[in-house]
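What the coordinates show
What follows is each chain in one-letter form.
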Amino acid sequence: DTGVSQDPRHKITKRGQNVTFRCDPISEHNRLYWYRQTLGQGPEFLTYFQNEAQLEKSRLLSDRFSAERPKGSFSTLEIQRTEQGDSAMYLCASSLGLRAGSEEEKYFGPGTRLTVT
Amino acid sequence: AQTVTQSQPEMSVQEAETVTLSCTYDTSENNYYLFWYKQPPSRQMILVIRQEAYKQQNATENRFSVNFQKAAKSFSLKISDSQLGDTAMYFCAFMKPPSLIQGAQKLVFGQGTRLTINP
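Residues numbered from 1 in each chain as written. Chains lettered and ligands numbered in written order. Predicted model: local features only at pLDDT ≥ 70, side-chain atom pairs only at ≥ 80, totals over all residues. Heavy atoms only, no water.

Points about the overall build of chain A
Check the secondary structure of chain A and you find zero helices and 11 strands. In sequence order, chain A lays out its α and β elements as β-β-β-β-β-β-β-β-β-β-β. Relative to its length of 117 residues, chain A is compact, with a C-alpha radius of gyration of 14 Å against a globular reference of 13 Å. The dimensions of chain A, computed from C-alpha atoms along their principal axes, are 45 × 30 × 25 Å. Out of the 117 residues belonging to chain A, those deemed buried represent 50%. Chain A carries 16 positive and 15 negative side-chain charges, and their two centres are separated by 5 Å. (Helix = DSSP H or I, 4+ residues; strand = E, 2+ residues; numbered from the N terminus. Rg over C-alpha atoms; globule rule 2.2 N^0.38 Å. Buried < 20%, exposed > 50% of the residue type's maximum accessible area, 1.4 Å probe, protein only. Lys, Arg positive; Asp, Glu negative; His and termini not counted. Charge placed at Lys NZ, Arg CZ, Asp CG, Glu CD.)

Concerning the side chain of Ser95(A)
Residue and element names in this part refer to chain A. The topology assignment puts Ser95 in strand β9 (residues 88–95). For Ser95, a relative accessible area of 0% corresponds to the buried category. For Ser95, the side chain forms a polar contact with the side chain of Tyr33, separated by 3.5 Å. (Polar contact = N/O pair within 3.5 Å; in protein donor to acceptor, adjacent residues only side chain to side chain.)

Focus on the pattern of salt bridges
Residues and elements named next belong to chain B. Per the stated rule, a full pass over the model turns up eight salt bridges over all chains. When the shortest N-O distance is used, the salt bridge between Glu52 and Arg50 registers 2.2 Å. Given a relative accessible area of 29%, Arg50 falls into the partly exposed group. Between Arg63 and Asp86 there is a salt bridge whose closest N-O contact spans 2.9 Å. Linking Arg63 in the loop between β7 (60–61) and β8 (64–69) with Asp86 in the loop between β9 (74–79) and β10 (88–95), this pair joins segments that are 23 residues apart in sequence. We classify Asp86 as buried; its relative accessible area is 3%. (Salt bridge = Lys/Arg side-chain N within 4 Å of Asp/Glu carboxyl O.)

Some words on the pairing of β9(B)
Residue and element names in this part refer to chain B. Note that strand β3 (residues 19–21) and β9 share three bridges and pair antiparallel. Note that in β9 the partner of Thr20 across the bridge is Lys78. By the bridge criterion, six bridges tie β8 to β9 in an arrangement that is antiparallel. Note that in β9 the partner of Phe68 across the bridge is Phe75. Connecting β8 to the next strand, β9, in antiparallel fashion are four residues, including Lys73 with a positive phi near 50°. (Pairing = 2+ DSSP bridges.)

Here we look at the nonpolar core
One finds Tyr25(B), Trp36(B), Phe75(B), Leu77(B) and Tyr90(B) to be the most contacted residues of the largest nonpolar core, which totals 27 residues. Every element with two or more residues in this core is listed here: β2 (10–14), β3, β5 (33–39), β6 (46–52), β8, β9, β10 and β12 (113–118) of chain B. In this structure, Val19(A), Leu32(A), Phe49(A) and Ala88(A) belong to the second largest nonpolar core, which totals 19 residues. (Core = buried A, V, L, I, M, F, W, Y, C linked by side-chain atoms within 4.5 Å.)

Read these as spatial facts, not as claims about activity.
Below, the structure written as structure tokens:
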């Protein structure tokens, strides 16, 4: 399968614990996005990478959240000191930007469902 | 900031019927992109159809078509000859034109419409 993959698919953690999610984009996609989707709502943008550079961060991304894409391939999203309000589906998407200013289709992963108890 | 509103939380139709999902948006931009995404139960979100605001012609993809009314800021999705496999959450999404500096733009999603196709 050459689509976007995310790991783990489900994570249950206790409040106060740290969690880390991984996203593997489609090979050679240079753009990677993280979104958060709470129950009954549409996805909300969290952050965006072009290659290894994090170019945009949402105000939703508090200082407990950090995302990396160290080699411009896979990305990790870490949440420190989790709170019950962090319970959500975390979606990753990737796209291939051939040139600045180009718009291209974004491909979504299956998501990681986080439950904070 | 852009907002997207889907006023129908749930819809249900019989197989083979035609169904229309509504979406309105708010923006001060003149050029932008609009999308409909499908999210089947426990499966990945996939793009159904896209529309560029500068194009007057409504986009069509097989059984899926849109009614884009720029002045009214309305972007509805029509599914013809609905099939059981069309059962899913449908999200309307807005995107500003890609930035020459940043290279890409985020999607702004509506709240979604849960569509059920009954046999």
